[in-house]
Amino acid sequence: MNRAQVPLPGIRPPLPLLRRLGYLPPPVRPLDVGELAALGSLPLRARRLADALGAGSHTSRRKGASIEFADYRDYQQGDDLRRVDWRLFARTDRLHLRETHEETPLRVVLLLDISTSMAYTSRPGQLSKLDYARMLLGAIALLTRRQRDSIGAALLTNEVVKWLPPASAPRRRQAVWSLLDTPPSGIATNLPAALDEILDLAPRRCLFVLASDFYDDSERLAAVVRRLRYERHDLLALHVADPAEVDFNFADPSIFCDIETGQQLSLDPAAGASAYRKKFSAHRDAVHDSLAENGFDHLFVRTDGLPLDPLRTHLARRNGHS
Amino acid sequence: MNWLTPTFLFGVAALVLPLALHLLRRRVVTSTPFPALRFLAASKADQRQQLLRRRAVLALRCLALALLAAAFARPFLGAPPAPSARATVVVIDNSFSMQSGTRWEDLRRWTHDQIGSAATGDTLGLLLMNPRPSWLVAPTTDVSAALTALDALGPGWEATHAEPAVRLAGDVLAATPARERRLVFMGDHQAVGWTGADFTRQLPPGINAIFPSAAAAPASQAALSAATLSREDDAWIATVTVRNFTSRQSRVLQIFPENAVEACLTLPLDLSAGESKILRLPLPASVGTSPAYIRLSLAPDDLPADDSVWAIPPVTTTARQLLLDAGPAGGLADHMGTAFAALTNMPPALSVVPVPSAAWPPAALAILRNDTSFTGEMATRLDTFLAAGGSAFIFVHGGSAQRQWLADQQINVQPAAQPSARLRDWALEHPFIAPLVSHQLRNFIGWEFLRASSLPADKIEPLAFWEDGTVALGELRLGAGRVLIAGFSADRREGDFPVLPAYVPFLHQSASYLLGLASATGNTSRVGSAVILPESPGDWQALAGPANLDSKSSVSGSVQPATPGIYQFTQPGSPPQLYAIGLSPEESDPAPWSSGTPWDNLIASDKSAETPIATRLATASSEAENQNSLWWWAFAAMAIFALAELSLANRTTR
């Protein structure tokens, strides 16, 4: 091989230099919980998370008058003749009505459990369960408003603390964020009672997005979930848990103090870790089963990670893209 | 239990660490807020089980740490060396000259006086002189048991060899950490017992050697020795040597056929002072045509042990053939041929012939010292000869044919690393070596050869070693034959071996051993030396003499009789063989050492050269620890406990 045949080495300018000169976009960093926690305020966190989740339009499950074709059905006496598809009649000699999707606004009600247990974080400086739930609900509120759907919110403890009915007013998003930013109540949870109360207040056919740690009796919870289904509401349950609650990886003997009840228990963690994990899993599965039996979604999320993919999947399913 | 390096036991203080951590961990001072206390109510059984686990982990940690410290401290079992104690070794002359009069009792009483009363930690050892130094009671703190053994002991039938036992006792005492170390010589200072002793070489410093005064010479002492029985002109002739060691005396010699009470011949003897005479005595017909053995006895004198001897009729054997290959080329003297030619005049009967070019006679001995017998058809004949039960003595001379033949037998001979090599260690207990070295070991020390070969230790039973530890002389079985292989040549040009004093006895013993003819010398065996027997086991029983006539033992290969007399070796299917065992004739001379007390020179005068007691203590402890090492047991236990701790700790932290 002579010198002319030797290929020249490729010139690869350093990427940081190109970026500094504006020839390349900044590198895309994956979103993580630490970054969200550092953002400080709920609007910023909600926007960042909403951007990461992306947006999709809701589609109504009801059919009505619009331009988007949904289905044909046979003519029945009393139907409006204006809706008969005459072209199809000319081809088939039978009367069919053309049905279209009715573009109805979606009423999304965000429910945030602000009981004392939600203020727990096992890692100082990181997001508590409440902050994490606020962030998730805030992002969903932003996405909802971007689709111009109605949105409402409520704060729950052992009752409905505050209630903001769903509305599509432009300023409703800000009102929702303000409501979600309410500090924890210092009151123990009674989720079934609070949900019963909210069902009395809410309009029909709402999509409830409930963020809670679900520390309540699963049997009582099942009853109110059945009522949700009966009243044709939809529910997305965000089951928020701290990593320490899931793993229970404490090492040294300690006096464990219940945040809500103040009850104390002197315990060697190694002695009860295995039994704890079993009970915790059983409770989580019971919550999941009672929701799934009624056709509702249950998404278990840990505060040390972001459930972007599961949440996207849930939202896409809501939008009819699944 | 004692410790070689007890300083490491301070490492046990490290136990404070896990104990402190455990106790601190138990003090619950922190409060942990937790939202899910409803799932956390652990059962009391769980808590108790967890508590037990934690205590087990603590115990395992402490045990592992303690065992680690103990392992480094090198524990050992055994009595702790006591630096303040007194160590005594009694060197006991168990020769038959001690049977003279009250000599044994007097010396034993004197020994008791020297030992005195023992304090706690004192040690006492009893070392027998003859035939080689051996412990009757190894040094022990159980002094009363040792004294009981001394009281139960009687004089033996050996010949005195004082110096080796005294040297061994000195070396043992030198390594003893005791404050006072004493060597008590319980002997009669017979002059022949100290023959060859080097009185200029002192015992190790710090040893107090105590010798008794020389025993009084017996007033009347004569001895019989070298008795034989032969057949001449249809009459039995008894031949015996009579020696008088005292002044002129008249004695009566009687000859008894077998165990008869009545003598068949009585002969008065008039012995002048110091006279030694050989008597040839025709026996009367009353002795019978084929007596099994006879006993010749003098009337008892002050030393009755040597007043009786036994003789057996000669064993009629045909001369066994010894095949000798060609001597050295170049007209040099054939030392080996000359030596074997001379040995044909001595028992066992040998017939020395050249290695035949036809088939080799069976049951012969081949002495092979060059390449001719390992080449071509000769090698085939050699294989056949060995397969048929023939024996051979092979001198490795470096020839290629010999080396190849040996390699074919899986014996790879390697040239020694050094251009010249010395023989160092002999297997002293081996029946081939034991008769050679029982009387004079010195002649077998320091054989030097200009060319030497090392034999494979895994294929051959070592009989002697070179200085580098490789095998110089060994024995093995090839086919049905017994073969000795020497890693040296018998050529005069390659060493002084052919002109050494031990050369002819070595060849003689090798021929007797390889042909299994030692039984032919039945009248020449002595107490303390090995009697060569067939390798298959048989019964060994005393028929006459001071030994217990009722006891019978199973022996094979060789036996070392402890008393004189007539012994019978019986094997199923073979006629019984008799052996007449005599005493060492030189021991009969009771003359004490006459010129001063040179043994006093053995005591080291330079006290400053004495090894410090701390060093001796450390050495004794180190030796005791080497014999009873426990540290690796401690390490093994520590490893097991550490693994158990790891396993259990993993189950207690989560």
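It should be emphasised that the depicted structure is a prediction, and the values quoted were computed from it without experimental measurement.

Caption draft 1: Spotlight on the overall build of chain A. Helix and strand content of chain A: 11 helices and 10 strands. Going through the 322 residues of chain A one by one, you find that 33% of them count as buried. For chain A, the share of sequence-separated contacts (at least 6 apart) that also reach a separation of at least 24 residues comes to 77%.

Caption draft 2: Spatial organisation of the interface of chain B and chain A. Taken together, the 20 residues of chain B in the interface contact 31 residues of chain A. Those elements that place two or more of their residues in the side of chain B that touches chain A are β2 (31–34) and α2 (44–72) of chain B. Of all the elements, β2(B) adds the most residues to the side of chain B that touches chain A, at 4 residues. Residues belonging to the side of chain B that touches chain A are distributed by class as follows: 10 nonpolar, 7 polar and 3 charged. Pairing of strand β8 (residues 254–258) of chain A with β2(B) involves 4 bridges; the strand directions are parallel. Residue pairing across strands places Ile255(A) opposite Ser31(B), the latter belonging to β2(B).

Caption draft 3: Spotlight on the sheet that holds strand β26 (residues 481–486) of chain B. Residue and element names in this part refer to chain B. Taken in spatial order, the 9 strands line up as β17-β16-β18-β19-β26-β25-β24-β21-β22 in an open sheet, and their pairing is mixed. The outermost strands of the open sheet, each flanked by one partner alone, are β17 (350–354) and β22 (448–449). Here 4 bridges tie strand β18 (residues 365–368) to strand β19 (residues 391–395), and the two strands are oriented parallel to one another. Pairing of Leu 365 across the sheet is with Ser 391, part of β19. Strands β16 (320–324), β17, β18, β19 and β26 of the sheet are contacted by helix α10 (residues 503–515), whose axis makes an angle of about 145 degrees with β19.

Caption draft 4: Examining the sheet that holds strand β3 (residues 107–113) of chain A more closely. Residues and elements named next belong to chain A. Spatial strand order, β5-β4-β3-β6-β7-β10: 6 strands in an open sheet with mixed pairing. Only two strands of the sheet have a single partner each, and these edge strands are β5 (160–167) and β10 (297–302). On average, each strand axis in the sheet is tilted by 15 degrees relative to the strand beside it, whichever way the strands run. In this structure, strand β4 (residues 150–156) lies alongside β5, joined through 5 bridges in antiparallel fashion. By the bridge assignment for β5, Ala 154 is matched with Trp 163. Sheet strands in contact with helix α7 (residues 191–201) are β3, β4, β5 and β6 (207–212), and its direction is about 35 degrees off that of β5.

Caption draft 5: Spotlight on the environment of Arg145(A). Residues and elements named next belong to chain A. Mapped onto the secondary structure, Arg 145 falls in helix α5 (residues 129–146). Judged by the 21 C-beta atoms lying within 10 Å of it, Arg 145 falls in the buried class. Residues Arg 145 and Ala 167, spaced 22 residues apart in sequence, show a C-alpha to C-alpha distance of 9.9 Å. Dropping the residues within four chain positions of it, Arg 145 is found in contact with Ile 151 and Arg 173.

Caption draft 6: Representation of the packing of α7(A) against helix α8 (residues 218–230) of chain A. All names here are of chain A. Across the interface, α7 lies against α8 with an axial gap of 9 Å and an inter-helix angle of 15 degrees. Of the possible angle classes, the one that applies to α7 and α8 is roughly parallel. Taken as a pair, α7 and α8 cross one another with a handedness that is left-handed. Counted together, Leu 191, Pro 192, Leu 195, Asp 196 and Leu 199 of α7 and Arg 220, Leu 221, Ala 223, Val 224, Arg 227 and Leu 228 of α8 form the full contact between these two elements.

Conventions and cut-offs
- Residues numbered from 1 in each chain as written.
- Chains lettered and ligands numbered in written order.
- Predicted model: local features only at pLDDT ≥ 70, side-chain atom pairs only at ≥ 80, totals over all residues.
- Helix = DSSP H or I, 4+ residues; strand = E, 2+ residues; numbered from the N terminus.
- Buried ≥ 20, exposed ≤ 12 C-beta atoms within 10 Å, placed from the backbone.
- Contact = placed C-beta atoms within 7 Å.
- Nonpolar A, V, L, I, M, F, W, Y, C, P; charged D, E, K, R; others polar.
- Pairing = 2+ DSSP bridges.
- Axes fitted to C-alpha atoms, helices over the stretch in contact; angles between N-to-C directions.
- Parallel < 35°, antiparallel > 145°, perpendicular 65-115°, else oblique.
- Left-handed = near helix turned anticlockwise from the far one by under 90°.

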